[in-house]
Amino acid sequence: MRHRLRRPLAAAPPAPAPFARELPFLASVDDLWCGLTPRPFTCVHADVHRRNMIVGNGATTFLDWELTLWGDPVYDLAVHLHKMAYLPEEEASLTTRWSSAMPSEHIVGWQDDLVAYRTHERIKSAIVDAVRYSQLFAQGGSYPEDQLIDTMTAKLNAARPHWHIPAPIDPRTVERALRPH
């Protein structure tokens, strides 16, 4: 698996300064991926969050299925938790209910794998949104720039420990990187 993961990363274009690093962005999660517990795959939505659910009349309808894949149900939980940002007690309640509802073969080792998938989500979010926010800045006007800077700073700082960046990333640094030159 390591060989397959590193080949595309080696071919990836370099990150824009000042976010560029010597190591590939996902190298820090490589060992986590290799240590995932084997479990049966299922159909996973991979994008369950508030804006992709309609709740009413005792039922929930899920929208926006274009990211659906055949994969690990723990990944679906990790994506949901990442995007929802629950309070600790809400998250504990949800994960307890989730693990109680899942078939036993789908939850073997789920707590450790949840850590790995959440790490992946933090890194993925920082990378994808750095590109998206750069484009929004270049277009100008459609989003409050201060909000974009604060959100991007938070995303980069959530991924920072996994990239072994010792100091927090400052909003001014993010602003300089996002502003068109």
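Residues numbered from 1 in each chain as written. Predicted model: local features only at pLDDT ≥ 70, side-chain atom pairs only at ≥ 80, totals over all residues. Heavy atoms only, no water.

Our next topic: the overall build of the chain. Helix and strand content of the chain: seven helices and four strands. In the chain, the succession of α and β elements from N to C terminus is α-α-β-β-β-β-α-α-α-α-α. Pairs at least 24 residues apart make up 66% of the contacts formed inside the chain by residues separated by at least 6 positions. Of the roughly 11200 Å² of accessible surface on the chain, a fraction of 59% belongs to carbon and sulfur atoms. (Helix = DSSP H or I, 4+ residues; strand = E, 2+ residues; numbered from the N terminus. Contact = heavy atoms within 4.5 Å. Areas by Shrake-Rupley, 256 points an atom, 1.4 Å probe, with all protein chains shown as cover.)

The terminal C-alpha atoms of helix H6 (residues 145-159) lie 21 Å apart, and with 15 residues this matches the ideal 21 Å at 1.5 Å per residue to within 8%. Leu148, Ile149, Met152, Thr153, Leu156, Asn157 and Ala159 are the residues of H6 that are buried. End-on, the buried residues of H6 take up no more than an arc of 155 degrees, which puts them together on one face. Seen from the buried face of H6, the exposed residues on the opposite side, beyond 90 degrees, are Asp146 and Gln147. The elements touched by buried residues of H6 are helix H5 (110-139) and helix H7 (171-178). (Expected span 1.5 Å × (residues − 1). Buried < 20%, exposed > 50% of the residue type's maximum accessible area, 1.4 Å probe, protein only. Arc of directions from axis to C-beta.)

Let us now look at the confidence of the model for the chain. For the chain, per-residue confidence averages 86 on the pLDDT scale, and 85% of positions sit at 70 or higher. Model confidence for the chain, summarised as mean pLDDT per element, is weakest for helix H1 (residues 2-11) at 39 and strongest for helix H4 (residues 88-101) at 97. Note on residues 1-13: pLDDT is under 50 here. Beyond four places in sequence and across chains, it has nine contacts. (pLDDT = per-residue confidence, 0-100.)

A few words on the packing of helix H3 (residues 73-84) against H5. In contact at an axis separation of 8 Å, H3 and H5 are set at 50 degrees when each is read in the N-to-C sense. Our classification of the angle between H3 and H5 gives oblique. The interaxial crossing formed by H3 with H5 has right-handed handedness. Residue-level inspection shows Val74, Tyr75, Leu77, Ala78, Val79, Leu81 and His82 of H3 in contact with H5, the latter providing Trp110, Asp113, Leu114, Tyr117, Arg118, His120, Glu121, Arg122, Lys124 and Ser125. Residues belonging to the contact of H3 with H5 are distributed by class as follows: nine nonpolar, three polar and five charged. (Axes fitted to C-alpha atoms, helices over the stretch in contact; angles between N-to-C directions. Parallel < 35°, antiparallel > 145°, perpendicular 65-115°, else oblique. Left-handed = near helix turned anticlockwise from the far one by under 90°. Nonpolar A, V, L, I, M, F, W, Y, C, P; charged D, E, K, R; others polar.)

Our next topic: the packing of H3 against H4. Working note: a packed helix pair is described by the angle between its axes plus the distance between those axes. Two elements in contact, H3 and H4, have axes whose closest approach is 12 Å; the angle formed by their N-to-C orientations is 160 degrees. Classed by the angle they form, the pair H3 and H4 counts as roughly antiparallel. Along this stretch, H3 crosses H4, giving a crossing that reads as right-handed. On the side of H3, the interface is formed by Pro73, Val74, Leu77, His80 and Leu81, while H4 contributes Glu91, Leu94, Thr95 and Trp98. When grouped by side-chain class, the residues that make up the contact of H3 with H4 number six nonpolar, two polar and one charged.

Here the focus is the pairing of strand S2 (residues 53-56). Here four bridges tie S2 to strand S3 (residues 59-62), and the two strands are oriented antiparallel to one another. When the sheet's bridge partners are listed, Gly56 is paired in S3 with Ala59. Taken together, S2 and the strand that follows it, S3, pair antiparallel across an intervening segment of two residues, in which Asn57 is found at a positive phi of about 55 degrees. (Pairing = 2+ DSSP bridges.)

The next thing to look at is unusual backbone geometry. For Ala46, which is not a glycine, the phi torsion comes out positive at approximately 70 degrees. Relative to the elements of secondary structure, Ala46 occurs in the loop between strand S1 (42-44) and S2. Unusually for a residue other than glycine, Asn57 sits at a positive phi of about 55 degrees. Its location among the elements puts Asn57 in the loop between S2 and S3. Of the residues examined, Asn57 reaches a relative accessible area of 86% and is grouped as exposed.

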